[in-house]
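Coordinate analysis (summary)
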Amino acid sequence: MILAGDIGGTQTRLGLFTRELGRNRAVVQAAWRNSEHPDFETILEEFLARTGRIVRGACLGVAGPVVYGQCRLTNLPWVIAEKKIAERFSIPSVRLINDLEATARAVPLLSTENLKTLNPGRPVPEGNKAVIAPGTGLGEAFLTWDGDRYRAHATEGGHADFAPGSALEWELLVELKEKCGHVSPESVCSGKGIARIYRFLRAKESGEEPPELSKELIRAGDPAPVIIAAAKGGAPASNLCRKTAELFLSMLGAEAGNLALKVNAAGGVYLAGGIALAVLPLLERGGFMEAFRRKGRLSDFMSRIPVFLILEPNPALIGAAACGFDTCGVQQTPSIQDRS
């Protein structure tokens, strides 16, 4: 029995996987809102007590850099350590990996039904692949071919410097720099970023905010889902929300292109996360891909890179399970080994 986890800034997902069912299908899984719990150990204790299963090994994807088996989560005041988890819960083998490394590990295991093509491109066989995921923060990772299979690598690219690509984005950068100091891609290409963009545009354009939308935004703990729903034409529809979503997707597309260039992702770029799934109708309008391709002399190269949206709702859990089987020495045959 392998325990897999995806511990993000907002939510924790845990699942149990067995050799018989494989890493693409959990025996049992559950999710929690992190704000309702003091630490990760409380969640894990509840999960293991509920399932009553003996766990042989664990791999946990965590939203932050992992150093010497320990992670201080970037957007949550939790510290998670392999040794502490192993000792408290008597799990023989525990491994922490970055949550986007876990998502990247899932990419070779996904079927075509799990992917939505945003740009077919012309993939280079066994070429590098990139993964980018906007959520509470902005995660970035990549994969390289080692001659036998793809191997995933974590990055903290979401915390590099934000590069504006238009006069409007320059104005946004100046405003955020005055308020926050350092402005990263995560500052704008995340759930919190959507809220920041909306407030910026509302102040700049004196945009009319329907009373119903004002009430929804006040009630919502996280305004991003409300803004996205209104941008897609849901009640109450809002032109200001539509402009917010367009600017968000343009900056996200540009950052996805930056990542593709940095890791030479000729094998493809994969967009993941709940926000990406939520904005799918807006993604298909083309602003994301236009910004992705807009790289000067390398624009033609960018147009040849395939871009996919991951439709699987829990790729990090699948990738963490795959890591767990590898860590514990349980050999598994992937459902699909993507070599293209």
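Note that the coordinates shown come from a computational prediction; the quantities given were computed from them, not determined experimentally.

1. Let's talk about the overall build of the chain
- Along the chain, the regular secondary structure elements total 14 helices and 14 strands.
- Its C-alpha radius of gyration of 20 Å places the chain within 12% of the 20 Å reference for a compact globule of 340 residues.
- Considering the chain as a whole, with its 340 residues, one finds that 53% of them fall into the buried category.
- Across the chain, every contact between residues at least 6 apart in sequence was considered, and the portion connecting residues at least 24 apart equals 70%.
- When the accessible surface of the chain is split by element, carbon and sulfur atoms take 50% of a total near 15200 Å².
- Across the chain, the 39 positively charged side chains and the 37 negatively charged ones have centroids separated by 2 Å.

2. Points about the state of the cysteines
- Summed over all chains, the structure comprises zero disulfides.
- Summary of cysteine pairing: C59 is not part of a disulfide, and the nearest cysteine sulfur, belonging to C323, is at 3.1 Å.

3. Brief notes about the packing of helix α4 (residues 167–180) against helix α6 (residues 191–205)
- Two elements in contact, α4 and α6, have axes separated by 11 Å at closest approach and are oriented at 105°. The pairing of α4 with α6 is recorded here as roughly perpendicular in orientation. Residues L168, E171, L172, E175 and L176 of α4 form the contact with α6, whose own contacting residues are R196, I197, F200, L201 and K204.
- Looking at the contact of α4 with α6, its residues break down into six nonpolar, no polar and four charged.

4. With respect to the packing of aromatic side chains
- Under the counting rule described, the total for this entry stands at three aromatic pairs.
- Geometrically, the ring pair formed by W32 and F47 is edge-to-face, given 5.8 Å between the ring centres and 90° between the ring planes. Here the residue W32 occupies a position in strand β3 (residues 28–33), and F47 occupies one in helix α1 (residues 40–51), the gap between them amounting to 15 residues. The two residues W32 and F47 agree in class, both being buried.

5. Some words on the pattern of salt bridges
- Throughout the structure, instances matching the rule amount to 16 salt bridges.
- Among the ionic pairs, D146 bridges to R151, the shortest N-O distance being 2.6 Å.
- Given a relative accessible area of 38%, R151 falls into the partly exposed group.
- Between R294 and E290 there is a salt bridge; the shortest N-O distance is 3.8 Å.
- Within this structure, E101, R105, R149 and D326 form a network of salt bridges that share partners.

6. Overview of unusual backbone geometry
- Its identity as a non-glycine residue notwithstanding, Y68 has a phi of 50°, on the positive side.
- Along the chain, Y68 falls in the loop between β5 (66–67) and β6 (70–72).
- In this structure Y68 comes out as exposed when scored by relative accessible area, which is 85%.
- Despite not being glycine, E126 shows a phi value in the positive range, around 60°.
- Since its relative accessible area comes to 32%, E126 is described here as partly exposed.

7. Some points on the environment of E205
- In this structure, E205 sits in helix α6.
- When the C-alpha atoms of E205 and L240 are compared, they prove to be 8.8 Å apart, with 35 residues separating the residues in sequence.

8. Some thoughts on the sheet that holds strand β7 (residues 79–81)
- Strand order in the open sheet formed by three strands is β5-β6-β7, with antiparallel pairing between adjacent strands. Looking at which strands have only one partner, the edges of the open sheet turn out to be β5 and β7.
- Direction of pairing for β6 relative to β7: antiparallel, over a ladder of three bridges. By the bridge assignment, R72 is partnered in β7 with V79.

9. Points about the nonpolar core
- Judged by nonpolar contacts, the single largest core of 52 residues is most densely connected at L252, L271, F288 and F292.
- No other element matches the twelve residues that helix α9 (residues 239–263) contributes to this core.
- Leave out the neighbours within four places in its chain, and F288 touches L118, L249, L252, G253, A256, L271, L283 and V307.
- One finds I7, L48, A58 and L73 within the second-largest nonpolar core, a separate group that totals 25 residues.

10. Some details on the packing of helix α8 (residues 223–231) against α9
- Contact pair α8 / α9: the axes reach a minimum separation of 7 Å and the direction vectors enclose 105°. For the element pair α8 / α9, the angle class is roughly perpendicular. Within the contact between the two elements, α8 uses I227, A230 and A231 and α9 uses C241, R242, T244 and A245.
- Here the residues of the contact of α8 with α9 sort into five nonpolar, one polar and one charged.

How each quantity is defined
- Residues numbered from 1 in each chain as written.
- Predicted model: local features only at pLDDT ≥ 70, side-chain atom pairs only at ≥ 80, totals over all residues.
- Heavy atoms only, no water.
- Helix = DSSP H or I, 4+ residues; strand = E, 2+ residues; numbered from the N terminus.
- Rg over C-alpha atoms; globule rule 2.2 N^0.38 Å.
- Buried < 20%, exposed > 50% of the residue type's maximum accessible area, 1.4 Å probe, protein only.
- Contact = heavy atoms within 4.5 Å.
- Areas by Shrake-Rupley, 256 points an atom, 1.4 Å probe, with all protein chains shown as cover.
- Lys, Arg positive; Asp, Glu negative; His and termini not counted.
- Charge placed at Lys NZ, Arg CZ, Asp CG, Glu CD.
- Disulfide = S-S within 2.5 Å.
- Axes fitted to C-alpha atoms, helices over the stretch in contact; angles between N-to-C directions.
- Parallel < 35°, antiparallel > 145°, perpendicular 65-115°, else oblique.
- Nonpolar A, V, L, I, M, F, W, Y, C, P; charged D, E, K, R; others polar.
- Phe/Tyr/Trp six-rings, centres within 6.5 Å; stacked < 30°, edge-to-face > 60°.
- Salt bridge = Lys/Arg side-chain N within 4 Å of Asp/Glu carboxyl O.
- Pairing = 2+ DSSP bridges.
- Core = buried A, V, L, I, M, F, W, Y, C linked by side-chain atoms within 4.5 Å.

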